[in-house]
Structure formats: structure tokens, C-alpha cells
Amino acid sequence: MLDWWLPENVSTYGRDIDWLFHLIYWITGITAILVFAVMVAFLVMYRDRPGRRARYTHGNTTLEIVWTVVPSLILVVLTFLSAPAWSRIKIQAPPSSDFVLQVTAKQFNWQITYPGADGKFGTADDKTLLDEMHVPANKVVHVRLRSEDVIHSFFVPQFRMKQDAVPGREIVQWFEATKPGKYELPCAELCGFGHSGMKGWIYVHGAEDYQKWAAENLTAAVPGATDDGKAEGPKPAAALAATMGGTTKR
Ligand SMILES: [Cu+2]
């Protein structure tokens, strides 16, 4: 019902987040309306009038117990309702995938590294893009998140995904985008003077489109570096694209 004011959800776990968001929105919204209505009523009922003396009261124990216990119960119930989604997105091992990217945050850019044909990071055929990530749709993507300096936050509103990048740690976050498109990747942690300009774009491609992009763009770093003169030279673009796209059948 409130979907119109959230960014479009294009993530497999987005619905799990959205219904919790809406539930909490309704609970807090209704509570706010009740509180303000009572406040306005009391302002009128207990306003100063000639001849009326102020009355001293110690409060009402029953009422205080009720307004302590009811919100506590609501919070406990919300905890149990959120646990499955939180566990699936953050605690359990991510769904297995052969599509792994390394994202290194720094003041004030996102560095997106593809492992190249050998599937390993830190080798000569790695390819790093600045503020630009390309992934296929309907494919689980593992992001190994790091930071070079301060805490940043990897946030894609349409994916309903947010994860801090913490210096000294590598945190794996995953997502599966369901719709091709161009989605903003802002940094959601106030990380310094250039914070507001720290943003990248995630391009989600259809499977074929992604293969094409990978063939055209991920091969540039290959020039014989890992082949070490072993006759065959640079890897064929299509083979690399297949590795990157994770599609084994070609
Ligand atoms: Cu940042």
C-alpha cells in the first residue's frame, strides 16, 4: 500500500524488508496519531480557566505498567518477525555463487574489482572499475566489502541492501537483482568532506547483455599477464565473459 514512496524493489529479499518496514511504519504512525490526539485533548480539557485550581497527582500505576509492557511486547514481537529476514540476509552463509566481486571503499570512491579469468583476486588479470559495477540480473552476487580508510556504507536502495565497509575487515554482502537497470550506489556513512559526492552506479544487465559487456570490458586487463608467454596469449573474450557471468553452459 505504501509502495509508491519507496524506491522500486528489484531484489530477491526486498519484499521481506518492505513488509517489515510497512508494519513498523503503521505501528509508529498509529502510535504517533494517538499520542498527538491525547495531547491536544488534554491541552483543551486541562487548560487554565478562572476559578479552577491546579491539582497535584502522583500518577497512575496501572497506566504506567500498561504503557511500559505494551511497547515492550511490540518490540519483542517485531524482533521475532524480523529475525528470519535478518538471518537470511546477514547471518547465514550467502547462497552459493561463482560471481564474486571485491568492493573497496575509499574517500571518496567505490573501487569495483573483477577477479579476471583466473577467478582470483590480487592477480595481474584483475580489472578494477571506478564507481561502476556491472552485474547480470537473476544471479547471486557476492560482494567482498573493504575500506581503505574510514567507515563507509555500501547502500543500494532498490536492492534493500546496506552494509558498512569497515577498515581492517572484509565483510561479505550478497544480493540478487531481478530487473535490469541502472541503480544508484551512494555511500550511506558520513565519511568526510567529499561524502556527498561519493556515489557509484550499478548496472544490472540481462544475461546476454552482460556477456557482451564483459567480453568488451573485462578483457582489457588480460594482455598475456597471467599466461606468462604460454603460447595461447590473451584469453578469448567469450571465455572470460562466461567465467564472469557464471554461466557454465554456452
Ligand atoms: Cu563514504
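Before reading further, recall that the structure is shown in the block above.
A short tour of the structure in this document, coming up.

About the thresholds
- Residues numbered from 1 in each chain as written.
- Predicted model: local features only at pLDDT ≥ 70, side-chain atom pairs only at ≥ 80, totals over all residues.
- Heavy atoms only, no water.
- Salt bridge = Lys/Arg side-chain N within 4 Å of Asp/Glu carboxyl O.
- Helix = DSSP H or I, 4+ residues; strand = E, 2+ residues; numbered from the N terminus.
- Buried < 20%, exposed > 50% of the residue type's maximum accessible area, 1.4 Å probe, protein only.
- Donors = N, O, S within 2.8 Å, 3.2 Å for Na, K, Ca; no water.
- Tetrahedral: all angles 85-135°; square planar, octahedral: opposite > 155°, others 65-115°.
- Core = buried A, V, L, I, M, F, W, Y, C linked by side-chain atoms within 4.5 Å.
- Contact = heavy atoms within 4.5 Å.

## Let's talk about the pattern of salt bridges
Oppositely charged side chains are able to pair whenever their charged atoms sit close together.
So, step 1. On inspection of all chains with the given rule, the structure shows seven salt bridges.
So, step 2. Lysine 179 is the partner of glutamate 8 in a salt bridge, and the nearest nitrogen-oxygen pair spans 2.7 Å. In this pair, glutamate 8 sits in the segment before helix H1 (14–45) while lysine 179 sits in the loop between strand S8 (171–176) and strand S9 (181–186), placing the two residues 171 residues apart along the sequence.
So, step 3. Assessed through its relative accessible area of 37%, lysine 179 is described here as partly exposed.
So, step 4. We note a salt bridge from arginine 160 to aspartate 18, for which the minimum N-O separation is 2.5 Å. Of this pair, arginine 160 sits in the loop between strand S6 (152–156) and strand S7 (161–165) while aspartate 18 sits in helix H1, placing them 142 residues apart in sequence.
So, step 5. Overall, the relative accessible area of 10% leaves aspartate 18 in the buried class.

## Examining the coordination of the copper ion
So, step 1. Around the copper ion, the donor atoms from the protein are His152 (ND1), Cys187 (SG), Cys191 (SG) and Met198 (SD), and they sit 2.1 to 2.6 Å away.
So, step 2. The coordination sphere of the copper ion comprises four donor atoms, whose angles at the metal cover 90 to 122 degrees; the geometry is tetrahedral.
So, step 3. For the copper ion, all donor residues lie on one chain, and their spacing in sequence is H-x34-C-x3-C-x6-M.
So, step 4. What makes cysteine 187 buried here is its relative accessible area of 6%.

## Observations concerning the nonpolar core
So, step 1. The biggest cluster of nonpolar side chains holds 37 residues, and the ones touching the most others in it are Tyr114, Met133, Phe154 and Phe159.
So, step 2. No other element matches strand S5 (residues 140–147), which puts four residues into this core.
So, step 3. The residues touching phenylalanine 159, leaving out its near neighbours within four places in the chain, are Val10, Ser11, Tyr13, Phe175, Ala177, Tyr183, Ile202 and Val204.

## Section: unusual backbone geometry
So, step 1. Looking along the chain, the bond that leaves glutamine 107 and enters phenylalanine 108 is cis, with omega of 5 degrees.
So, step 2. With respect to the helices, strands and loops of the structure, phenylalanine 108 is situated in the loop between strand S1 (100–106) and strand S2 (109–114).
So, step 3. A positive phi angle, close to 55 degrees, is found at aspartate 131, a residue other than glycine.
So, step 4. Relative to the assigned elements, aspartate 131 resides in the loop between strand S3 (127–130) and strand S4 (132–136).
So, step 5. The phi dihedral of asparagine 138 is positive, around 55 degrees, even though this residue is not glycine.
So, step 6. The exposure class of asparagine 138 is exposed, given its relative accessible area of 52%.

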